Structures are given as C-alpha cells and as structure tokens.
Amino acid sequence: MSPALMPLFPLTTVLYPQGVLNLQIFEVRYLDLMKKCLRDDTPFGVVSLLDGNEVRRPDEKIQLAKTGTLVNIERHGFVTPTLMEISTIGSQRFKLLNATQEKNGLWMGEIQMMPADPVIEIPDYLQGSANALANLINSIDEQGITEEQLPFRKPYKLMDSGWVANRWCELLPLDKTTKIQLLALDNPLLRLELIDDALAAQGLLKQ
C-alpha cells in the first residue's frame, strides 16, 4: 500500500487498535479537523509526543513518535460552541514517514499503514495474562462502571493474543518508550510475551 497523507493529533498517550480515547477539543485547528472528519466520515492519526506539549506554544520544538494509530470518532458533542467532547476508537497502526506543520498549527503526516495483528489464540503458557484481564473486567463490572467509561469496548476478545496484549499495554503503567516499542511490534504473540513478563514482575499473575 502506498503512503497516504493523514492529519495528526499528537498526544502524550499511546493508543492501540481497539482502544478507546476520550478527548476534549478546544483548539481551533482541532475543532476544524473534527468537524471535517465528522462531515467526511474519515479517520485521523493519533501519534505520541516524544518532545513538546499537546497545546500549541510559540516556537516550541515538537518531536513525534514514528508509530501511531488511526482513530475514528465514535461519539461527539459540544459542551460549548468552542469545546467539543469526542470518544474515538483505535483502528489500524501506521508508520509515520514524515510530518509537516501547517500555518494553523495542524500536523499532517505521510504515513504507511501497518498490517493488522493476525488472530493468534493465546497459548497455555500465556493464559495467565488473559485470566488476569478477565478478572479485572469482572471486578470493573461489579463496581457498576459503564461501558462508556472503559478504555475498551465489547466484544472482549480474551482468546486473542493481540487484543489481550493491547489492553494490558494501555492499562499498565509502562513508560512511553516501552509502549511505543510494543505498538511497533508486528508479532502480537511476542507483544503478549513481553506483557506477561511485565505482569509477572509486578506480581499481577497468579502462581
């Protein structure tokens, strides 16, 4: 697939496919972008900031990660005429080949789409990671937390190595560099193996 030009939303977070990201939009450049995405039913790219701030500052140095995730707007609403709240869902990973900033401050990126994770059933030796996630989801349900408040949506693919790995990547307090490296991995089984090690190191797996 040839490279494509995509509007970017740099953030301090790292988003994975099927992850949920809620945002408050108030800068003019992003309000205009969201209106365009809603009108045309098109995605935008979320990419992590390695250096710089989410809110535009004059003459600030910005450095963007080389791997990001496309998102689609799931829900939106205006709190005021200049404040929009949106809920987005991550779809596909991409490599950021080049990025330029327009006069209004909006970043545009030349991106190359990355392959979707193949569905790989969780092997027995990694089943503890899936069980721990299932227990967490059950405890959340018992607390009466609504689906809209969760960082992911149903269906819960607890037999899929990539899905389980991605959810833990978002939930665990990993440093940003590690999260970006995990996002860039094309092998979801390897991603889950690394997450399993992190869960074990934090004592989150039952022996």
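Our structure's up above, just so we're on the same page.
Just so you know, these numbers come straight off a predicted model, no measurement behind them.

Rules and cut-offs
- Residues numbered from 1 in each chain as written.
- Predicted model: local features only at pLDDT ≥ 70, side-chain atom pairs only at ≥ 80, totals over all residues.
- Heavy atoms only, no water.
- Helix = DSSP H or I, 4+ residues; strand = E, 2+ residues; numbered from the N terminus.
- Rg over C-alpha atoms; globule rule 2.2 N^0.38 Å.
- Buried < 20%, exposed > 50% of the residue type's maximum accessible area, 1.4 Å probe, protein only.
- Expected span 1.5 Å × (residues − 1).
- Contact = heavy atoms within 4.5 Å.
- Phe/Tyr/Trp six-rings, centres within 6.5 Å; stacked < 30°, edge-to-face > 60°.
- Lys NZ or Arg CZ within 6 Å of the ring centre and 35° of its normal.
- Salt bridge = Lys/Arg side-chain N within 4 Å of Asp/Glu carboxyl O.
- Pairing = 2+ DSSP bridges.

K.L.:
Any details on the overall build of the chain? Residues and values, ideally.
P.N.:
In terms of regular secondary structure, the chain is built from 5 helices and 6 strands. The linear arrangement of helices and strands in the chain, starting from the amino end, is β-β-α-β-β-β-β-α-α-α-α. Whereas a compact globule of 207 residues would reach a radius of gyration of roughly 17 Å, the chain reaches 18 Å, a difference of no more than 12%. With the C-alpha coordinates aligned to their principal axes, the bounding extent of the chain is approximately 55 × 35 × 30 Å.

K.L.:
Tell me what's going on with unusual backbone geometry, and back it up with residues and numbers.
P.N.:
Geometrically, the link from lysine 154 to proline 155 is a cis peptide bond, its omega value of 5° lying close to zero. Tracing the backbone shows proline 155 in the loop between α2 (127-142) and α3 (161-171). In this structure, glutamine 18 takes a positive phi of about 70° despite not being glycine. By the secondary structure assignment, glutamine 18 is in the loop between β1 (4-11) and β2 (20-25). Phi angles above zero are rare outside glycine, and aspartate 41 is one such case at about 55°. The class for aspartate 41 is exposed, based on a relative accessible area of 67%.

K.L.:
Tell me about helix α5 (residues 188-201), residues and numbers included.
P.N.:
The end-to-end C-alpha distance of α5 is 20 Å, a good match for the 20 Å that 14 residues give at a rise of 1.5 Å each. Packing partners of the buried residues in α5 comprise β5 (83-101), α2, α3 and α4 (176-184). Following α5 by one or two positions, glycine 203 has its phi on the positive side, about 70°.

K.L.:
Describe the packing of aromatic side chains, listing the residues and the values that go with them.
P.N.:
The tally for this structure, following the rule as stated, stands at 5 aromatic pairs. Residues phenylalanine 9 and tyrosine 30 carry aromatic rings whose centres are separated by 4.0 Å and whose planes lie at 15° to one another, so their mutual orientation is stacked. Linking phenylalanine 9 in strand β1 with tyrosine 30 in helix α1 (residues 28-40), this pair joins segments that are 21 residues apart in sequence. Grouping residues by exposure puts phenylalanine 9 and tyrosine 30 together as buried. Taking 6.2 Å as the distance between ring centres and 40° as the angle between the ring planes, the aromatic pair formed by tyrosine 156 and tryptophan 163 counts as tilted. What makes tyrosine 156 partly exposed here is its relative accessible area of 23%. Tryptophan 163 sits in the buried class, given a relative accessible area of 3%. Within the aromatic cluster, the residues linked to one another by ring pairs are Phe9, Tyr30 and Phe44. Of note, arginine 167 hangs over the ring of tryptophan 163, and the distance from its end group to the ring centre comes to 5.3 Å.

K.L.:
So what's going on with the environment of leucine 38? Residues and values would help.
P.N.:
Structurally, leucine 38 is set in helix α1. By relative accessible area, which is 31% here, leucine 38 ends up partly exposed. Sequence spacing of leucine 38 and valine 20 is 18 residues, and the spatial spacing of their C-alpha atoms is 17 Å.

K.L.:
Talk me through the pattern of salt bridges; I want residue IDs and the actual numbers.
P.N.:
Scanning all chains against the criterion turns up 9 salt bridges. Among the ionic pairs, arginine 93 bridges to aspartate 186, the shortest N-O distance being 2.9 Å. With arginine 93 in strand β5 and aspartate 186 in the loop between α4 and α5, this pair connects stretches of sequence that are 93 residues apart. For aspartate 186, a relative accessible area of 43% corresponds to the partly exposed category. Ionic pairing is found between aspartate 117 and arginine 191, a salt bridge with its closest N-O pair at 2.7 Å.

K.L.:
Talk me through the pairing of β5; I want residue IDs and the actual numbers.
P.N.:
Sheet topology note: the β2/β5 ladder contains 6 bridges and is antiparallel. In the strand pairing of β5, asparagine 22 is matched with serine 87. In the sheet, strand β4 (residues 63-80) pairs with β5 via 11 bridges, with the strands oriented antiparallel. Among the inter-strand pairings, valine 71 is bridged to a residue of β5, identified as glycine 90. Where β4 folds back onto β5 in an antiparallel hairpin, the turn is made up of 2 residues. When β5 meets strand β6 (residues 107-113), the two strands line up antiparallel, connected through 7 bridges. Across the sheet, residue phenylalanine 94 finds its bridge partner in β6, namely methionine 113.

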